[in-house]
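Okay, here's what each chain looks like letter by letter:
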Amino acid sequence: MSSPLLRTSRSLCWSCLRWQRHRLYSSQAALATSAAPTCSLQQTVTVSAGPSNPPARTKPQKRTQVPRETKAGQLVEDETPLQSRNPLEPTRVDLYLASIHAAGLEPTLDDIERCRSKRHSSPESSKYAEEYNNLLDTLCRSFSKDQLRKFTELYNLDPIWTRSSRRKVEYAESIMEKQWNWPSLKEIERRQRDKTEVVVKTFTVNPSQLFLLLGKDGADLLQLSMQYNVHISLASNPLALRVEGLRGAMKQLTEHLSELKKGIIDEIVELPSKQPIRQDLVQRISRLAGAYVENLGHKGKIRICAKDTEKMDTAKRLAIRASTETQTGNFSPLLCYVPTKAKLEHPVAPSFMPHTYSIYPFLSPRSLPWTMIKGGSFRVRRVADWLGAAATEDTSETGGLAGGQGKVVTKTEESKDLEALLRSAPKTPDHERLVSASFGHIVLGSPSPTGHSVLSPPLKGNWTLSKILKWLYTSNVPLTFVPSLPATLLNSPPSNQKVLHRVLYRTLPESQLENSLHQELIKLELEFSTSDMTGSKAAGLGHGDSDRVLASDLSTLELDVDHDTSSSLELLQDSATSERPSMNVEPNPREVIVNVSEATCLEGIESTLDVMMPDRPMDIQFTVFDHTDVCAGDQPPLLVEYTNQLRYFLTSQDREAIQPQPPATFNFRGRTYFLQTSLSVRKVIETTQLPPGAGENMEQFVSARIITESVLDLESNQKFTTSQVTLDHSAGQEAWTRFLASCDLVSSASVSAQGLKTDLSVP
């Protein structure tokens, strides 16, 4: 009898059959779907129900003999010829498993639980991956796909893990991770790659997105680089950000940039001037507001992109202000004061008699207005005589404006009567007239091709005043009046200060004639008073350092030599930002009572006239304001609402109160008014003495009333000082003489005349 027959005819006991059944579960992965065993299996062996019934012996069917290899390497053929097995026919194991399936013997949760390990190594160790893979392989070899899927259902796993479309290995992983709480090997490997693998990714951006990502001077982009520990560089053509860093940080940065791009809002705004904004102003508005601004065409439309509505509104107000200021500033009338020649004690050759003038670089202790042209700033001044003649006018010798001996001329050298010109401004019935003179400098703006400050004047050399006036008339150089503190007040300590909030609105001129003569104006003011200014929100609308301190440092030459407006704004950003009112101001623990006065609203017509004085240290801007009070019931509704919100913000104890912003524009009595300035003002009224002989009828010391204001522009964060004298109409012609004498005193005084020390230490 051959060996196969001996193995087939062997009788098996019940324990052997039971052991063989469990072994077959773990040795075959796929389960045959046949309903019943074939006849060949019945001829081979029949499983009995117990040891008392041994399996029946049947004559086995002869198998096809195939060649086999002996130890010597020679092939020995069996009795039957070589035949290949059909791969579609089930194997003996398949048939056996099918018989078990037909008998209804299915694995249970106890069977799969026997494969579960009691413990595993730490997920961070190298052995964990080996243990995980061994257990996963055991499950896949021991059970079929359908059995593993049935196990997931018996474990009551989420339907997402039991759906029929999954693969066999995925069912096994779900049981290990969701039921047995094994950490996911894929997740561990992914985290390991995120911690160690360095990748490079490029994010495509447009100009507006890049500007908002950069932040001011690239501060926001630097913060992103530090936060996610990546290296960020800029790529062009196409515009993109090239980021290099760990894979995990790259995923977080990708999500952050995606959310930031989705949060960007944009709006198209039509400017009231119907003209595009200068490109240098577009950049400054973008920097000041923290929003991206660009011109759309040449019809006065701009596009604003911002991260939030607050920055969007700020950009709108600055754009409207720049549009109106640049339009009204181009046609401001300009006069030039030419003093009479003083009598010389010693005869001088005629060749030395005519004074010459030149255009000198202008250095200011404060930053220049942000609407000025970016480049150089200059002022027309008289050239000093090397023989000893003073470079400034001596009003005691020439008589000054009050003496009436000099003359005031236009750019075309046409003589004008200053008093008659100011009094000729149209007067509205039932309106009060306020005539004032502000002191500062008329500055020429010279554009720079590179955008940096330059010292080379647009007109080089020394020229007669007539030649310079003709050049100003033909070249149409933009002129800007820059207010500043006069030398007569440098050493005067401030006293009796008032804290004000002032909002100015102007209308656009309907014609060039209206622009040169008068503009409609609405001025809103509120005065703040409190028992403790340092502990209230009202103090936030003021500013701590006195401008007089900075102005007194002129003798130490502590000047802003870089007159690039954007650079000046950077220097003042920190201090101005801390002084700007903020909703995050923490209230003082002490109880502070803040009083806000009733709003004073003035409506009227304002006319301005700039007088250039190259023979003096300062120039003068004369203003005529015919105004009337607007009672509370007749005030524009938007201004009333703004006043109420501001009063609540300053007087309430609500820490979450948000600082209101003035409306950018509104309609009132048929005219459209545009916001010009929103200011925080510290106002001081001071008195100075005039020397005797300043006027024809003045032989005694006369006091001059000077109004000084330290101003913080809440929109641009710029600080500047203004000083002005006003005309008292009650005194008749003598009041006019005193007014002009005050102008002579303030504008002709130089720093050296005040006896300032030049060795002051820089604070």
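As the structure is a computational prediction, the values presented were derived from the model and not from experiment.

## Some remarks on the pattern of salt bridges
Okay, so step 1: Inspection of the entire model under this criterion finds 32 salt bridges.
Okay, so step 2: Note that R114 and D111 form a salt bridge whose closest N and O atoms lie 2.6 Å from each other.
Okay, so step 3: One salt bridge in this structure joins D280 and R284, with 3.6 Å as the shortest N-O distance. Taken together, the positions of D280 and R284, both in helix 14 (residues 279-289) and 4 residues apart, correspond to about one turn of that helix.
Okay, so step 4: Accessibility expressed as a relative area gives 17% for D280, which makes it buried.
Okay, so step 5: Within the structure, one salt-bridge network assembled from shared partners comprises R166, R167 and E170.

## What to know about the sheet that holds strand 8 (residues 301-306)
Okay, so step 1: In spatial order, the strands read 6-8-7; together these 3 strands make up an open sheet with antiparallel pairing. Each of the sheet's edge strands pairs with one partner strand only, and the pair in question is strand 6 (265-270) and strand 7 (292-296). Sheet twist, expressed as the average angle between the axes of neighbouring strands with direction ignored, equals 20°.
Okay, so step 2: Both strand 7 and strand 8 contribute to a ladder of 5 bridges, which runs antiparallel. For N295, the partnering residue across the bridge sits in strand 8 and is I302.

## Focus on the sheet that holds strand 5 (residues 240-246)
Okay, so step 1: Strand order in the open sheet formed by 3 strands is 3-5-4, with antiparallel pairing between adjacent strands. Of all strands in the sheet, those bounded by a partner on one side alone are strand 3 (198-204) and strand 4 (231-235). In this sheet, neighbouring strand axes are inclined to one another by 20° on average, regardless of whether the strands run parallel or antiparallel.
Okay, so step 2: Direction of pairing for strand 4 relative to strand 5: antiparallel, over a ladder of 5 bridges.

## Re the confidence of the model for the protein chain
When pLDDT drops low, the exact placement of atoms in the prediction is not to be read closely.
Okay, so step 1: Residues with a pLDDT of 70 or more make up 72% of the protein chain, whose mean pLDDT is 76.
Okay, so step 2: The low-confidence segment residues 693-699, where pLDDT is below 50, has 15 contacts with residues more than four positions distant or belonging to other chains.
Okay, so step 3: Segment residues 753-763 is flagged for pLDDT under 50; beyond a separation of four residues in sequence, or across chains, it makes 16 contacts in the model.

## Focus: the environment of V383
Okay, so step 1: You can see V383 is positioned in the loop between strand 11 (375-382) and helix 16 (395-398).
Okay, so step 2: Residue class for V383 comes out buried when judged on its relative accessible area of 18%.
Okay, so step 3: The spatial distance from the C-alpha of V383 to the C-alpha of S358 is 6.4 Å, given a sequence separation of 25 residues.
Okay, so step 4: Not counting the four nearest positions on each side in its chain, V383 is found in contact with T356, Y357, S358, Y360 and N462.

## Some thoughts on the packing of aromatic side chains
Okay, so step 1: Scanning the model with the defined rule gives 9 aromatic pairs in all.
Okay, so step 2: The ring of Y360 has R381 sitting right over it, with the charged end atom 4.8 Å from the ring centre.
Okay, so step 3: The aromatic ring of W463 is capped on one face by K467, whose charged end is 5.5 Å from the ring centroid.

## Section: the packing of helix 11 (residues 207-214) against helix 12 (residues 219-228)
Okay, so step 1: Contact geometry of helix 11 with helix 12 gives a least axis separation of 5 Å together with a crossing angle of 70°. In terms of orientation, helix 11 and helix 12 fall into the roughly perpendicular class. Taken together, the residues of helix 12 that come into contact with helix 11 (itself represented by L212, L213 and L214) are A219, D220 and L221.
Okay, so step 2: Among the residues making up the contact of helix 11 with helix 12, the classes are represented as 5 nonpolar, no polar and 1 charged.

## Notes on the side chain of S716
Okay, so step 1: Relative to the helices and strands, S716 is located in the loop between strand 23 (702-713) and strand 24 (719-726).
Okay, so step 2: Side-chain polar atoms of S716 contact the side chain of D713, separated by 3.2 Å.

Conventions used here
- Residues numbered from 1 in each chain as written.
- Predicted model: local features only at pLDDT ≥ 70, side-chain atom pairs only at ≥ 80, totals over all residues.
- Heavy atoms only, no water.
- Salt bridge = Lys/Arg side-chain N within 4 Å of Asp/Glu carboxyl O.
- Helix = DSSP H or I, 4+ residues; strand = E, 2+ residues; numbered from the N terminus.
- Buried < 20%, exposed > 50% of the residue type's maximum accessible area, 1.4 Å probe, protein only.
- Pairing = 2+ DSSP bridges.
- Axes fitted to C-alpha atoms, helices over the stretch in contact; angles between N-to-C directions.
- pLDDT = per-residue confidence, 0-100.
- Contact = heavy atoms within 4.5 Å.
- Phe/Tyr/Trp six-rings, centres within 6.5 Å; stacked < 30°, edge-to-face > 60°.
- Lys NZ or Arg CZ within 6 Å of the ring centre and 35° of its normal.
- Parallel < 35°, antiparallel > 145°, perpendicular 65-115°, else oblique.
- Nonpolar A, V, L, I, M, F, W, Y, C, P; charged D, E, K, R; others polar.
- Polar contact = N/O pair within 3.5 Å; in protein donor to acceptor, adjacent residues only side chain to side chain.

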